[in-house]
Amino acid sequence: FNRKRSDFAKVALGAEDLVSWEYSSRPVALVKRLKKEGFENIALEQADKAVDYKKVKVNRKTAVILGNEVGGVSKLLLKLADIIAEISLKGKKESLNVSVAAGISLFAFFE
């Protein structure tokens, strides 16, 4: 948890020390553990049950679940999420780059 990584330090310029993060090769187990620890889990994904990301209000410990560039967030993780938030787009593109979507949503969730 929050293990120092030189590849993060190179691009994050110190921000990696300010934001808690965790990588897991078993995301379902991680989300289940976070739920038990009292975290609200917000998945950022396009889905039928998604709400506009601007309507999401964070009031407690929160984990944000981001998917990969191609497959997005798995259906199982979406079922485990407390909230599914979506950034709606206008135009012909259906999705944003995950890093851009993360920046937009994190700013809105935690401002």
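None of these values were measured; they are calculated from a predicted model. (Residues numbered from 1 in each chain as written. Predicted model: local features only at pLDDT ≥ 70, side-chain atom pairs only at ≥ 80, totals over all residues. Heavy atoms only, no water.)

Chemist: Mind laying out the sheet that holds strand β1 (residues 40-44), listing which residues take part and the relevant values?
Modeler: Strands pair in a sheet through their backbones, by hydrogen bonds, and they do so in one of two ways: parallel or antiparallel. Taken together, 4 strands build an open sheet; the order of strands is β2-β4-β1-β3 and the sheet is parallel. Whereas interior strands pair on both sides, the edge strands pair on one side only; in this sheet they are β2 (51-52) and β3 (62-65). Sheet topology places β1 next to β3; 4 bridges connect them, and they run parallel. Of the residues in β3, the one forming a bridge with Asn41 is Ala63. (Pairing = 2+ DSSP bridges. Helix = DSSP H or I, 4+ residues; strand = E, 2+ residues; numbered from the N terminus.)

Chemist: Report on a nonpolar patch on the surface, specifying residues and quantitative values.
Modeler: On the surface, Leu89, Leu96, Val100 and Ile104 cluster together into a nonpolar patch covering about 260 Å² of accessible area. Tracing the sequence through the fold places Ile104 in helix α4 (residues 98-110). Taking the relative accessible area as the measure of exposure, Ile104 reaches 31% and is therefore partly exposed. (Patch = residues over 30% accessible without salt bridge, like charges linked within 9 Å, V, L, I, M, F, W, Y side chains within 5 Å. Areas by Shrake-Rupley, 256 points an atom, 1.4 Å probe, with all protein chains shown as cover. Salt bridge = Lys/Arg side-chain N within 4 Å of Asp/Glu carboxyl O. Buried < 20%, exposed > 50% of the residue type's maximum accessible area, 1.4 Å probe, protein only.)

Chemist: Could you give me a rundown of the pairing of β1, with the residues and numbers involved?
Modeler: Note on strand geometry: in a regular strand, side chains alternate between the two faces of the sheet. A large share of β1 lies buried, amounting to 5 of its 5 residues. The side-chain alternation of β1 yields two buried faces, one formed by Glu40, Ile42 and Leu44 and the other by Asn41 and Ala43.

Chemist: Explain helix α2 (residues 27-36) residue by residue, including any values.
Modeler: Buried within α2 are the following residues: Leu30, Val31 and Leu34. One side of α2 holds all its buried residues, which, seen down the axis, span an arc of 95 degrees. Packed against the buried residues of α2 are β1, β3 and α3 (75-80). (Arc of directions from axis to C-beta. Contact = heavy atoms within 4.5 Å.)

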